[in-house]
Structures are given as C-alpha cells and as structure tokens.
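Structure assessment
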Amino acid sequence: MNATRSIRTIFGCAVVGCGIIWSIMFPKTGEILRPDFVLSVALGIGLIVTGILCLLMTRSRAALLVLSILFLWSVLTNVVFLSLLRGSLEIVQDIPAMESHNARYWLSILESNREDKITYLSFRLKQMIKEEKEMSGPPKR
C-alpha cells in the first residue's frame, strides 16, 4: 500500500513537471485561437491537472478521479477540434478572395501591351500545372 502511494506521487510529480516544461518551452503566438497554440495550451493544462489529480487520488476516490481525468481530456480535445474547425472555416472563406485575386492577375496580363500574351499565358499555365503536380506528389493508392 505504501509502494502504490509513492508510485502515484512520483507519477503525479513527473506529469506536473512535464506539463510545466511543455508550457514554458512551447513558443506562444499572438493569436490565441490558432490551432497550434490551442493544442499547446490544452496539452500543458491537461498534463498539469492530470498530475495534480494523481497526487490527490485516494483509494476511495479513485474511480471519481479517473472519470474526472477522462472528462478533462475530453473537454480539452473538443476545444482543440473546435479551434481546428475554426481555422478550416477561415480557409474556406478565403477561397473566393484568392480566386478574385487570380482573376485580376490574369486579366492584367491580358490587358497589358505585351505582344506575346498568349505565349506568356500558356507558359504561366504550364508552370502552375507543373508546380501543382510537384506539390501534390505521387498519386496515393
């Protein structure tokens, strides 16, 4: 019984230490709702609170504390997923702006006084297709 208490104490201290080190070492950004920032903070908070709950665990409250730890990690995971969803929504909302920017770019080429417009446009299109193929990599099976 004394050995299990010392193992829980060592484990709790180690997890709290890992949470503190993670919170200090991970670089923070100015935007609070960026997915990488939210994931870092959630991981740090989860480790610290899990360690504290392990230190407070007694034999009579073991099931309650395990359920509390599971609930904590579930909430933190949902916050991270919400942040990822918000980031994806911003990307989807930026697509029309990117398309209008590309359209203005191609229109400016067509309206320019270049004599070799068609040659230049075909060269740019081939270059963009080549870049897109290189970025996508080999086809996945």
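Residues numbered from 1 in each chain as written. Predicted model: local features only at pLDDT ≥ 70, side-chain atom pairs only at ≥ 80, totals over all residues. Heavy atoms only, no water.

Next up on the list: the overall build of the chain. Counting secondary structure elements, the chain contains 4 helices and 0 strands. Listing the helices and strands of the chain from first to last along the sequence gives α-α-α-α. Looking at the 141 residues of the chain, the share that counts as buried comes to 18%. In the chain, the proportion of contacts linking residues at least 24 apart, taken out of those at least 6 apart, comes to 55%. Surface accessibility of the chain: about 11100 Å² in total, with carbon and sulfur atoms responsible for 70%. (Helix = DSSP H or I, 4+ residues; strand = E, 2+ residues; numbered from the N terminus. Buried < 20%, exposed > 50% of the residue type's maximum accessible area, 1.4 Å probe, protein only. Contact = heavy atoms within 4.5 Å. Areas by Shrake-Rupley, 256 points an atom, 1.4 Å probe, with all protein chains shown as cover.)

Right, let's get into helix H1 (residues 2-25). The first and last C-alpha atoms of H1 sit 34 Å apart over 24 residues, in line with the 34 Å expected at 1.5 Å per residue. Within H1, burial applies to Gly-12, Val-15, Val-16 and Gly-19. Looking at the buried residues of H1, the elements they touch are helix H2 (35-56). (Expected span 1.5 Å × (residues − 1).)

This next bit is on the confidence of the model for the chain. Confidence in the prediction of the chain, expressed as mean pLDDT, is 78, and 80% of residues score 70 or more. Here helix H4 (residues 117-136) is the element of the chain with the lowest mean pLDDT, 74, and H2 is the one with the highest, 86. (pLDDT = per-residue confidence, 0-100.)

Moving on, we get to the environment of Asp-36. Here Asp-36 is to be found in helix H2. For the pair Asp-36 and Leu-84, spaced 48 residues apart in sequence, the C-alpha separation works out to 8.8 Å.

Taken together, the side chains of Ile-20, Ile-21, Ile-24 and Met-25 define a hydrophobic patch exposed on the protein surface, amounting to about 450 Å² of accessible area. On the secondary structure map, Ile-21 appears in helix H1. Judged by relative accessible area, which is 54%, Ile-21 ranks as exposed. (Patch = residues over 30% accessible without salt bridge, like charges linked within 9 Å, V, L, I, M, F, W, Y side chains within 5 Å. Salt bridge = Lys/Arg side-chain N within 4 Å of Asp/Glu carboxyl O.)

With that out of the way, let us pick up H2. Its 22 residues place the ends of H2 31 Å apart at the C-alpha level, agreeing with the 32 Å of an ideal helix rising 1.5 Å per residue. Of all the residues in H2, the buried ones are Phe-37, Val-38, Ser-40, Ala-42, Gly-44, Gly-46, Thr-50, Gly-51, Leu-53 and Cys-54.

Once that is clear, we can look at the side chain of Thr-50. Topologically, Thr-50 is positioned in helix H2. Among the polar contacts listed, one links the side chain of Thr-50 to the backbone oxygen of Gly-46, at a separation of 2.6 Å. For Thr-50, the residues in contact, after removing those within four places along its chain, are Val-15, Ile-69, Leu-72 and Trp-73. (Polar contact = N/O pair within 3.5 Å; in protein donor to acceptor, adjacent residues only side chain to side chain.)

Note that Gly-87 resides in helix H3 (residues 62-111). Sequence separation of Gly-87 and Pro-35 is 52 residues, and the distance between their C-alpha atoms is 7.0 Å.

Another aspect to go through is the environment of Ser-40. Looking at the secondary structure, you find Ser-40 in helix H2. Linking Ser-40 and Phe-26, residues 14 residues apart in sequence, is a C-alpha distance of 7.0 Å.

Okay, the packing of H1 against H2 next. At a minimum axis distance of 7 Å, the contact between H1 and H2 shows a crossing angle of 160°. Judged by the inter-axis angle, H1 sits roughly antiparallel to H2. When the axes of H1 and H2 are compared, the crossing they make is left-handed. Here the residues of the contact of H1 with H2 sort into 13 nonpolar, 8 polar and 2 charged. (Axes fitted to C-alpha atoms, helices over the stretch in contact; angles between N-to-C directions. Parallel < 35°, antiparallel > 145°, perpendicular 65-115°, else oblique. Left-handed = near helix turned anticlockwise from the far one by under 90°. Nonpolar A, V, L, I, M, F, W, Y, C, P; charged D, E, K, R; others polar.)

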